[in-house]
Amino acid sequence: MSVVSQVILKADDELRYPSSGELKGIQTFLSTGEQRVRIAETLAENEKKIVDQAQKRLFQKRPDFRSPGGNAYGQKQYNQCLRDYGWYLRLVTYGVLAGSKEPIEKIGLIGVKEMYNSLNVPVPGMVEAIRCLKEAALGLLNNEDAAETAPYFDYMIQTMS
């Protein structure tokens, strides 16, 4: 849900017009729209490259994940890991576009730790994978765009830790 939607819903729930502070928040949100779209386009257009760089970094750090008994051992498990990396990258783009961490939480993080635990997937490994995704993604962005994007990765890392 975007900042605009949140302000409108809150004001409506309280049977009032948006406050001047809320309107300033909307103005700021709208003024950063071009940047948010640019970031989302860059991440989407480079998903394959970002995921490839991230998986290489992760499996260099943790070769045991690809070894027999590891969660990315075998082609099926490896492909599932790459699928998940792409999914987490998409979650970041949703957050950036909305200007809020709410889509990340609602779409992707509710119950994720429990799901991975039930599948015997080590959550710390997924957290490390997201760190690698963050590093690869931010490396493609200019400093200003990277600073805008980093908190969304950090939110996922913190929530899953």
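Keep in mind it's a predicted model, so treat the numbers as computed, not measured.

A. Representation of the pattern of salt bridges within the structure. This model, assessed by the stated rule, comprises 11 salt bridges. Salt-bridge contacts for aspartate 145 lead to arginine 38; the nearest nitrogen and oxygen are separated by 2.8 Å. Residue aspartate 145 is located in helix α9 (residues 143-160), and its partner arginine 38 is located in helix α3 (residues 33-45); the two are separated by 107 residues in the primary sequence. The class of aspartate 145 is buried, set by a relative accessible area of 3%. For arginine 38, a relative accessible area of 32% corresponds to the partly exposed category. For the salt bridge of lysine 61 with glutamate 128, the shortest nitrogen-to-oxygen distance reads 2.9 Å.

B. Structural view of the environment of leucine 119. Its location among the elements puts leucine 119 in the loop between α7 (112-118) and α8 (123-138). The spatial distance from the C-alpha of leucine 119 to the C-alpha of leucine 140 is 33 Å, given a sequence separation of 21 residues.

C. Up close: the packing of aromatic side chains. Tallied over the entire structure, the rule returns 2 aromatic pairs. On the basis of an interplanar angle of 45° and a centroid distance of 6.0 Å, the ring pair of phenylalanine 59 and tyrosine 78 is categorised as tilted. A residue pair is termed long-range when its members are at least 10 positions apart, and phenylalanine 59 in helix α4 (residues 47-61) and tyrosine 78 in helix α5 (residues 75-98) qualify at 19 residues. The aromatic ring of phenylalanine 29 is capped on one face by arginine 36, whose charged end is 3.8 Å from the ring centroid. Note that arginine 66 overlies the ring of phenylalanine 59, its terminal NZ or CZ placed 5.9 Å from the centroid.

Procedures and definitions
- Residues numbered from 1 in each chain as written.
- Predicted model: local features only at pLDDT ≥ 70, side-chain atom pairs only at ≥ 80, totals over all residues.
- Heavy atoms only, no water.
- Salt bridge = Lys/Arg side-chain N within 4 Å of Asp/Glu carboxyl O.
- Helix = DSSP H or I, 4+ residues; strand = E, 2+ residues; numbered from the N terminus.
- Buried < 20%, exposed > 50% of the residue type's maximum accessible area, 1.4 Å probe, protein only.
- Phe/Tyr/Trp six-rings, centres within 6.5 Å; stacked < 30°, edge-to-face > 60°.
- Lys NZ or Arg CZ within 6 Å of the ring centre and 35° of its normal.

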